[in-house]
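Structural overview
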Amino acid sequence: MRSFQIQDNLGFMKKLLTGNDFDAFLLSEASITTFATFQIDGTFHAEFLPAAEAETLTDETSGYTLWKRVRPFFLELTRGKNTPLRFRIVFRLAPHNVEKLIAQSGLSVRSEQINGLFLNIHFDGEALTCVSGTSMNVFTLDKTLEHAWDEMLQKFFLQKRIPFLLD
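It should be emphasised that the depicted structure is a prediction, and the values quoted were computed from it without experimental measurement.

1. Considerations on the environment of Leu26
With respect to the helices and strands, the residue Leu26 is situated in strand β2 (residues 26–33). Residue classification places Leu26 among the buried residues on the basis of a relative accessible area of 0%. Sequence separation of Leu26 and Gln7 is 19 residues, and the distance between their C-alpha atoms is 24 Å.

Written as structure tokens, this is what we have:
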């Protein structure tokens, strides 16, 4: 688990809400407090979509919706002259990207042993922090997956030009 203290809140928010930098992440859950608190459950309901569209989905068959589907609604909740009082977003890495991470890192863990690789974003009204998280379906003392995920997130932030300090 690693904590990334974001150094440019405005730039980060622009990438998060109007860019496509985070669109490949699945949304596990989110909440935002403005004039009221809004809770978003990222559970995906394929039955809502026309059958032809539902058949073309890949990432969302994991049970969670892509951030790009929710992003416009979250953006709408942040519009206005006042900054949100707080928000929290929990992203999870899509299954095909978990497979890529395992392969690229040469890890011995199998994807079915992994419950999720998470990116928790928290804004408290002033500071913006991103914290990595790993959840396993099996008990292990091996931290190589956790370290590989932390390293991947660090590379992601550098590639997307998101300035941060490690806590």
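2. Overview of the layout of surface pockets
The volume enclosed by the largest pocket comes to roughly 310 Å³. In this structure, the largest pocket is lined by 14 residues; those nearest its centre are Asn9, Leu10, Met13, Leu17 and Pro84. Those elements that place two or more of their residues in the lining of the largest pocket are α1 (9–17) and α3 (67–78). Counting residues per element, the lining of the largest pocket draws most heavily on α1, at five residues. Looking at the lining of the largest pocket residue by residue, the classes come out as seven nonpolar, six polar and one charged.

3. What to know about helix α5 (residues 144–159)
If you check α5, its first and last C-alpha atoms are 22 Å apart, about what 16 residues at 1.5 Å a residue would give, namely 22 Å. Within the span of α5, buried status applies to Leu145, Ala148, Trp149, Asp150, Leu153, Phe156 and Phe157. Among the structural elements, β1 (3–6), α1, α4 (95–105), β6 (114–123), β7 (128–136) and β8 (164–166) are those in contact with the buried residues of α5.

4. Brief notes about the packing of aromatic side chains
Enumeration according to the criterion identifies 15 aromatic pairs in this entry. On the numbers, 5.7 Å between centres and 85° between planes, the contact of Phe74 with Phe87 is edge-to-face. Here the residue Phe74 occupies a position in helix α3, and Phe87 occupies one in strand β5 (residues 86–92), the gap between them amounting to 13 residues. By relative accessible area, Phe74 is classed as buried at 0%. Among the residues examined, Phe87 registers a relative accessible area of 2% and is labelled buried. Here the aromatic residues Phe4, Phe12, Phe22, Phe25, Trp67, Phe74, Phe87, Phe91, Phe123, Phe156, Phe157 and Phe164 are joined through ring pairs into a cluster of three or more.

5. Some points on α4
Residues of α4 that are buried: Asn97, Val98, Leu101 and Ile102. Across the axial projection of α4, the buried residues extend over an arc of 145°, all falling on one side. Turned more than 90 degrees away from the buried face of α4 sit Ala103 and Gln104, all of them exposed. On the buried face of α4, the contacting elements are β6 and α5. Positive phi appears at Gly106, one or two residues downstream of α4, with a value of about 65°.

6. Considering the pairing of strand β3 (residues 37–41)
Direction of pairing for β2 relative to β3: antiparallel, over a ladder of five bridges. Directly across from Thr33, in β3, lies its bridge partner Thr37. Between β2 and β3, which follow one another and run antiparallel, lie three residues.

7. Here we look at the side chain of Ser31
By the element assignment, Ser31 lies in strand β2. When near neighbours in sequence (up to four residues on either side) are disregarded, Ser31 contacts Phe38, Gln39, Phe74, Phe87 and Arg88.

8. Quick notes on the pattern of salt bridges
On inspection of all chains with the given rule, the structure shows seven salt bridges. Between Arg71 and Asp23 there is a salt bridge, and its shortest N-O distance comes to 2.8 Å. Note that Arg71 is positioned in helix α3 and Asp23 in the loop between α1 and β2, a separation of 48 residues in sequence. Take Asp23: its relative accessible area is 11%, and that puts it in the buried class. Lys155 is the salt-bridge partner of Glu151, the closest N and O atoms lying 3.6 Å from each other. Of this pair, Glu151 and Lys155 both sit in helix α5, separated by four residues, roughly a single helical turn. Here Glu151 falls in the partly exposed class, since its relative accessible area comes to 46%. Its relative accessible area of 52% is what places Lys155 among the exposed residues.

Reading the values: rules and limits
Residues numbered from 1 in each chain as written. Predicted model: local features only at pLDDT ≥ 70, side-chain atom pairs only at ≥ 80, totals over all residues. Heavy atoms only, no water. Helix = DSSP H or I, 4+ residues; strand = E, 2+ residues; numbered from the N terminus. Buried < 20%, exposed > 50% of the residue type's maximum accessible area, 1.4 Å probe, protein only. 1 Å grid on protein atoms, 1.4 Å probe; cavity = no way out; pocket = protein on both sides within 12 Å on 5 of 7 lines; lining within 4 Å. Points joined across faces, edges and corners; volume = space filled by probe spheres on them. Nonpolar A, V, L, I, M, F, W, Y, C, P; charged D, E, K, R; others polar. Expected span 1.5 Å × (residues − 1). Contact = heavy atoms within 4.5 Å. Phe/Tyr/Trp six-rings, centres within 6.5 Å; stacked < 30°, edge-to-face > 60°. Arc of directions from axis to C-beta. Pairing = 2+ DSSP bridges. Salt bridge = Lys/Arg side-chain N within 4 Å of Asp/Glu carboxyl O.

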